[in-house]
Structure formats: structure tokens, C-alpha cells
Amino acid sequence: MTGGTYRIPESVIEDTKAFRFEVEKRLRGDTSPVAFRAIRVPMGIYEQRENDTFMVRVRGAAGVFLSHQIKRIAELAEKFGNGIVHVTTRQDLQIHRVLISDTPAILDSLLEVGLSPRGGGGNTVRNVSACRLAGVCVDEVFDVTPYAIALTEYLTTDRANFNLPRKFKAAFSGCGKDCALCSVADLGFFAHERDGIKGFSVYAGGGMGAHSALSVLIEEFIPAESIFMVAEAVKQLFDKYGDRSNRHKARLRYVLERVGADEFRRLYREELEAAKVSGKGFPETTIRLWSWGGDSEIRPWDSVVSGHPCPDTNAAIEGVLDISGKGFPETTARGKNAIPQKQAGLFTIPIPLQFGDIESAKLSALAEIVDRFAGGEIRTTQDQDLQLRNIPESSLDDLYNALREIDEALVSAQSIRAVACAGASTCKLGLCLSRGLAGALESELRDIDSPLDAPIRISGCPNSCGQHPVAPIGLYGTAKRVNGKIMPFYTVVAGGRLAEGEAKLAELVARVPAKAVPSMLKEFLLAARDELRQNETPDDLIERWGADYLRKLGEKYEKAPSYDEAPEFYRDFGKDEDFSLAGVGPGECGAGVMDVIALDIDAAKRALGSNDLYEAVVSAARALLVTRGLEPKKDREVFAAFTEHFIDPGWISHEAHWILNAAVDFKLGDLDTLQSLRGQIHALVERVELLSQSLDSNLNFRVEKIENGADETGNSDNNGSVNELDLRGVACPMNFVRAKLQLEQIETGEILDILLDDGEPVRNVPASFAEQGEEVLSVKSESKHFRVRIRKTS
């Protein structure tokens, strides 16, 4: 086994070997898809949208990879994947479209070069990230790279850290500018120095997602060697108080939200004292500076966990002459995007990658350049790029020529950058094709001299993998129902900024059709270029003027054309077929239901705003029907089902009968009666939204009925058997909803057999029940369908 940046713990090696046997059991059919999912995801292996293909996420502490490691990853992507290696926004590397049968060979091969995907997914300690310029930045207090690597080794040693309530993300920033996003991390360390002692301020409880939150200060200063004990205390707090019963409220930031900042700090202090007296061994060896000499058999950092000191070298000595960074020196670096380092006469060279992707053959060729010019080390960044470090001024021309031989794009400096997550192209949670929008933006905006110094950040859904909540300008994918058809939309946010103690989340400024985004942002950037004042930062420009101007543009571009006027608006970027929410899952069936409900409620509100009262009534009446497993196509069927399931049982006031009758009369020519009920229609929409917000994971309402009414009839499509439900031919998420309703009718401890089609139904429905706490006893193939057996536990 050749060296890596940190020692792979023996427990991870054992788990990797055991994973081969788990794959073999799955291939024999001895393990259900649901049970196997719980094993493979913490190993960093995710299912992709393309059936029966998977992604392997390889962690890279602080974004550091060595030349022999990236060459191995490139070889694996070529042999087992699609020949593309992807850089993530958390500095990992990913191999896509691999077969599950090949994953043991991939993991074994990664171990040989000191790499592992263990903890790349699931409820685990994720990759520990650091500033993109850590070690060479002119503004940093000191290099945080070895601390991020040491904490990685410490945290990955404990198997308990791969079974937390939810994911746990840690980061290190070398100064208060917070390039590593500590302000929105579960655990963030900011470098400081007091009286000659290196240390950190510590923040905790932040995170990005559909409901992002900023972290709070828990330590003003700790000596550097205390990072392990502090990390242990925060992790123990999370493990003890995180909500394991509700994965949507399980992140550490929800503990902070639930108890408040003062109580959160008290709980942390309690766990810190417990850690001090626990007898648990914490590393005490001082972390020293590191260097890499290019010999793949020598580890560049000696772990503080192993206790072996690193050699002193001149590669990264503190206190050398800093370069101001106010302009490139008169050298070949001019105009080629080289970044002066704090080490005199050396440069960092960014290697831009479109969408974070690089072909495996090009990555292999790049590994040779890394050895030749950069001492065997390459870094990944949160902007999905690569970096070469410590390039002498005299080598710049030769380096650029070598890069150009691989691909001219590797030396191209773009004026506009768009960072995007994978989106719906591969991710099972993605709603929109975020990469498609990124490509459209770069094409539309390439000739504009942008005043922004940060990329536009795009997420394919509200879950923030593109880091839009902290962007000066960000977007996340949504959907909207327009005239009965679903259209891809983006929510535009603006004003996000990062700085220790002064971070700010971006605020919502507009919602526009996906196909309108490039034109809207082009108009914005052209105006911003003229608006920028002398000595004004881009962040200040957005705060002073940009957010308000984007709101005005949102009003201009928000209108969605009809299908006949512009059918391309109903198709996502790069797609010929109409947009749909198909493919969201697995284990996300309930989330798919909420997406459909949100579309209709949003449509009802918009219709109210435009005084289209009939459409408001139809949308409001249709919104909750999906929770009853119903998808009526005609308006009169919508009204009948709404009456049966929500008005008659008392969830909605009986006065709604008048509204439905007035809506029918409206279609018959009576225009006045419906208008006279505008106030009641507004109240109806509000009540439907309240009911939707009260839904629990079992799709039951957590509010009281307005009136006593008849019992709901529920789902009658159960083929006459209480304990068996035939859902063959029923697609997601409707199959899950019907199964959920049927499960509600049986007693706790009883068993329900569900017949499901192959593909998404059998992957999604059992996973969703398992995540909600029901016991999935078996998943068995029966000819052309599957029988899923579930025991009701709640």
C-alpha cells in the first residue's frame, strides 16, 4: 500500500473487506435492497438515476490528493465508470456510473493508494474541508491543512462516527474570510494566534439545506491541540440530542434551533467536561508543518494520531516574505490566472473544470504534470476546480504549455463561473438539471466583464449541494404547475456572504422559469457593471443595490408563457421531452408528495394574486388529494374527491361546498357569485396550506378538525384484502401514499404485503417505510413483480 495524506484506520480497512461479502449477498438475493442501502451509503456509494448504476465518492481531507492517487482514481473511472471524474463542492472526487458488482474492486484498489470512500455518504462524519488556498494564502494566520488532515484521521478511527443521527460536516478556515464555509458547518474552526500560540475559535450548529442556518460561537479560542476534544464533545452532543426519528429534522442545526444558542453552549460544555474525564485518549503530539517530496512511498503528513513527527523542510515555512497580491509581477504569470503565494516567487495555478468534470485520460496526463511541476500534490476546491501549488515563476510558461497539450480549457480563465451540483442528471433528489443551466449561463454571459468575484452557485433542488445559500447570487431548482403542466423553475437568492461572526444567508428575491434565468442574469450583470462604485466590493454592491434590482427583474421575467406560446419553457436544459418530477427517490417518496402539494398551493396563491379565482379553487382542492392516493384529471372529479376526503370529514369547513358550487356555476356563465366569495376562497387556500404544513411522516394531519364529520372512506383500491395490497402499475409517489393509507388501517404488529413493480417502485417504497420506522421484513421477487412484507410498528 502506497502512502496517502493520512493513515487509513484499521477499522475502515476491515469494513472495506467486509463490504465485498455484503455485495455478494446482495447479488445472490440474500439481502433486500433496503437493508443493503444502509450498508453501501455509509461506504460512500450512492445509487444514480440511471437504473442499476452507482457513484463512489472518494474523500480527500482538505482537498489534498497526491499524483499517484489521482492517477488511480482516473484508472478506476476509465475501467469501471463512465470515464469522468467529478470534483465536488466539499473537495471530494467522485466516480460515476459504476456497477454494484464492481464496487468491492474499486474500494480495494483505492485502499492500495491510501484512499477510501468510507464516510462519503449517509449519517456519518463527512470529508473535513479547508480553504482552497490553505498553506499559500497571503491572508491566512497559518496553514490549516495539517489540522484538517489530523482531525480526519482521528474521526474516521471511531466506528460510532459512521452511525450518527445525520451527516456531520467539519471545516477549517485560515482566516476570518471563511473560504472553507465554517459559518455554515456543523463544526467550524477559524485560525487565530494569541501570544504566539496557534489556535482556533470554534463555531457549531450551522448547515445548508432546504432550511439553512448559521453556526454559533462556542469557543473564542482553543489551543490547536484541543481540536480533537472539542470535536468529540460536539459530536457527542449531536449523537445524544439529534432527532433520529425524523431525518428531515435530524441535523445538528435543528438541535440548536430547538434548544437555543445558550442552552446549546451549555450542552456542549457538559459534553466537553465529560470528554475530559472519560479517559478517552486524545492525540497530544503537536501538529507540525508538512511538505511533499514527490516520493509516493513517503507520507507527506505524519499524523498526530500516529505520533510520528514530520520532517522539517523549506516547502512551507511560516514567516517567509509575503507577496501583496495586489497585482501580478511582470512575468509570464500576467493574464493567465496565476495566484501569487505567500512564499516568495511561487504561484498557485487554478485549473478550471466545467461542472467539476475531467475525463479520466486527461486526469491521468495531469498526474504526470503534477509530478513534474508541483511536487506530486494537487488540490480540489469548493468551486469544483483543481489547483497546482508552489510553481516557480521560471516554470510557468512550461507548465501552461504542458497543460495546453492536454486541453486548452485547462488554462482558460473565465470571466463568469457557475458552480453547480449534479442535479437531476444523476442525483435521485434533483428536481432540475442544474448543470444544464450552468452551461447556458456560461454561454450567455461569457462576453460580459462581470463585476462579481464569486461564482454563481446553482443547486438542482433546495438541498443546497451547490452552496447557493451563501452565494452573492444563487439559484435552486423548483417546479411550478402552469395550466396543468409542470414547468422547471428556479428560485433566485442574493446577498449571501461569508466572514467569521458576520456571515449572512442569501435572501429570496425572485422565482422565474428556468429558461428565463440566462436572460435575467445577463440584464443584471450588464447593469451591475455600470453600477459598481469605486472601491466597492461585489458583496457590498449586492447588498446596496443588487438584491433590490434582482427583485425588479424577477417581476419582469417571472411570467410563464403558455405551452402553445413557448413549449421549450416546459423542458429542462438539454432535454427534448417535457419536464416531470419522475425519478425522485429512493427513500424520498414522502418528499415527492410534498413537492406536488407545494406546486398546487403555490399555484392557488398566484391565482389569487391575479384574481383568477376559479384556478385558485381548483388548485387548492387538488393540493391534498395526493395524500389520499388520488390523481383526478378533470375538475369535477377534483371537487368530488375534495368533498369526500376533506370537507365531509371536517378537515375543511362545510362552507367550502358553496365555493365549489360557485366554481361550477362560474364555468356555466355565472361570473359574479365566485367573485363575491373571494374572502372565503382566500381562507380556503390558507386552510389547505395549514393542513399541508401539519402533515407528519405518516401523512396524517397534526391539527384538529374544524367540524365533526363523517369518517373518510380512504383508499378502496385494495383488492379486497386488508393484509395484501396490489400496487402493480402504480407509479411513485402514488404507490407509497396508497400503501401508507392501507398500513394505517391495520393494527400495530400486523403485517402488510405489498405487490410492486420492478425498478423505482421496489427501490423507493420499502426505503421510505424503513426511514419512517416501519419494519421491512423482506423484499422478494415473484415472477415479474416484487412482494414487500412490512410489519407495522407505530
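Since the model is a prediction, treat every value here as computed from it, not as a measurement.

Focus on the overall build of the protein chain
Looking only at helices and strands, one finds 21 helices and 24 strands in the protein chain. Looking at the 794 residues of the protein chain, the share that counts as buried comes to 57%. In the protein chain, 67% of the contacts between residues at least 6 apart in sequence involve partners at least 24 apart. Counting every atom, the protein chain has about 31,900 Å² of accessible surface; 47% of that belongs to carbon and sulfur.

Details of the sheet that holds strand β3 (residues 64-66)
What the five strands build is an open sheet, ordered β3-β14-β15-β12-β11; its pairing is antiparallel. Each edge of the open sheet carries a strand with a single partner, namely β3 and β11 (339-340). Summarising the sheet, β3 and strand β14 (residues 377-380) pair through three bridges and their orientation is antiparallel. Residue pairing across strands places Val64 opposite Arg379, the latter belonging to β14. Here helix α3 (residues 67-80) sits on the sheet in contact with β3 and β14, set at roughly 85° to β3. The sheet contacts of helix α9 (residues 360-373) involve β12 (346-351), β14 and β15 (386-392), and relative to β15 the element is tilted by about 25°.

With respect to the pattern of salt bridges
Counted under the stated rule, the structure contains 50 salt bridges. Among the ionic pairs, Lys276 bridges to Glu273, the shortest N-O distance being 3.4 Å. Within this pair, Lys276 and its partner Glu273 are both found in helix α8 (residues 261-277), separated by three residues, close to a single helical turn. Taking the relative accessible area as the measure of exposure, Glu273 reaches 44% and is therefore partly exposed. Each member of the salt-bridge network shares a partner with another, and the members are Glu14, Asp15, Arg118 and Arg159.

Details of the nonpolar core
In terms of nonpolar packing, the biggest core is built from 60 residues, with Leu151, Phe172, Phe189, Phe200, Ile227 and Phe264 touching the most fellow members. Element by element, the count of residues in this core is highest for helix α6 (residues 227-241), at eight residues. Val626, Ala656, Ala663 and Met734 belong to the second-largest nonpolar core, a separate cluster that totals 57 residues.

Some remarks on the packing of helix α15 (residues 613-623) against helix α19 (residues 678-693)
Between α15 and α19, whose axes approach to 10 Å, the crossing angle comes to 25°. By the criterion of interaxial angle, the relationship of α15 to α19 is roughly parallel. Handedness of the α15/α19 crossing: left-handed. Contact residues: α15 offers Leu613, Ala616, Val617, Ala620 and Ala623, while α19 offers Arg678, Ile681, Leu684, Val685 and Val688. Classifying every residue of the contact of α15 with α19 gives nine nonpolar, no polar and one charged.

Notes on the packing of α6 against helix α7 (residues 252-259)
Where α6 meets α7, the axes come as close as 10 Å, and the angle between the chain directions of the two elements is 75°. Classified by the angle their axes make, α6 and α7 are roughly perpendicular. For the pair α6 and α7, contact is made by Val234, Leu237, Phe238 and Tyr241 and by Leu252, Val255 and Arg258, respectively. In terms of residue class, the contact of α6 with α7 is built from six nonpolar, no polar and one charged.

Examining the sheet that holds strand β1 (residues 45-47)
Sheet architecture is open: five strands sit in the order β1-β2-β5-β4-β13, paired in antiparallel fashion. Taken across any chain shown, the strands that pair with only one partner, and hence form the sheet edges, are β1 and β13 (357-359). Put simply, the sheet's adjacent strands are angled 30° from each other on average, direction ignored. Relative to strand β5 (residues 93-98), strand β4 (residues 84-87) runs antiparallel, the two sharing three bridges. Bridge assignment links Val87 to a residue of β5, and that residue is Leu93.

Structural notes on the packing of aromatic side chains
One pass over the structure, following the stated rule, counts 20 aromatic pairs. Ring geometry for Phe524 against Trp545: centres 5.5 Å apart, planes inclined by 20°, an arrangement best described as stacked. Separated by 21 residues along the polypeptide, Phe524 in helix α12 (residues 517-531) and Trp545 in helix α13 (residues 538-557) bring together distant segments of the chain. The class for Phe524 is buried, based on a relative accessible area of 1%. A centroid spacing of 6.3 Å and a plane angle of 35° characterise the contact between Phe524 and Tyr549, whose relative ring orientation is tilted. Taken together, the positions of Phe524 in helix α12 and Tyr549 in helix α13 put the pair 25 residues apart, joining distant regions of the chain. A network of ring pairs unites the aromatic residues Phe142, Tyr147, Phe172, Phe189 and Phe200 as a single cluster.

Side note on the confidence of the model for the protein chain
Detailed reading of the predicted coordinates is not advisable wherever pLDDT falls low. Of the residues in the protein chain, 87% have a pLDDT of 70 or more, and the chain-wide mean is 85. Note that residues 712-722 has pLDDT below 50 and, in this model, 21 contacts with residues that lie over four places away or in other chains.

Focus on helix α5 (residues 145-157)
Between its first and last C-alpha atoms α5 spans 19 Å; for 13 residues at 1.5 Å apiece the expected length is 18 Å, and the two agree. Of all 13 residues in α5, 12 are buried, a share of seventy percent or more. Burial in α5 covers these residues: Thr145, Pro146, Tyr147, Ala148, Ile149, Ala150, Leu151, Thr152, Glu153, Tyr154, Leu155 and Thr156.

Conventions and cut-offs
Residues numbered from 1 in each chain as written. Predicted model: local features only at pLDDT ≥ 70, side-chain atom pairs only at ≥ 80, totals over all residues. Heavy atoms only, no water. Helix = DSSP H or I, 4+ residues; strand = E, 2+ residues; numbered from the N terminus. Buried < 20%, exposed > 50% of the residue type's maximum accessible area, 1.4 Å probe, protein only. Contact = heavy atoms within 4.5 Å. Areas by Shrake-Rupley, 256 points an atom, 1.4 Å probe, with all protein chains shown as cover. Pairing = 2+ DSSP bridges. Axes fitted to C-alpha atoms, helices over the stretch in contact; angles between N-to-C directions. Salt bridge = Lys/Arg side-chain N within 4 Å of Asp/Glu carboxyl O. Core = buried A, V, L, I, M, F, W, Y, C linked by side-chain atoms within 4.5 Å. Parallel < 35°, antiparallel > 145°, perpendicular 65-115°, else oblique. Left-handed = near helix turned anticlockwise from the far one by under 90°. Nonpolar A, V, L, I, M, F, W, Y, C, P; charged D, E, K, R; others polar. Phe/Tyr/Trp six-rings, centres within 6.5 Å; stacked < 30°, edge-to-face > 60°. pLDDT = per-residue confidence, 0-100. Expected span 1.5 Å × (residues − 1).

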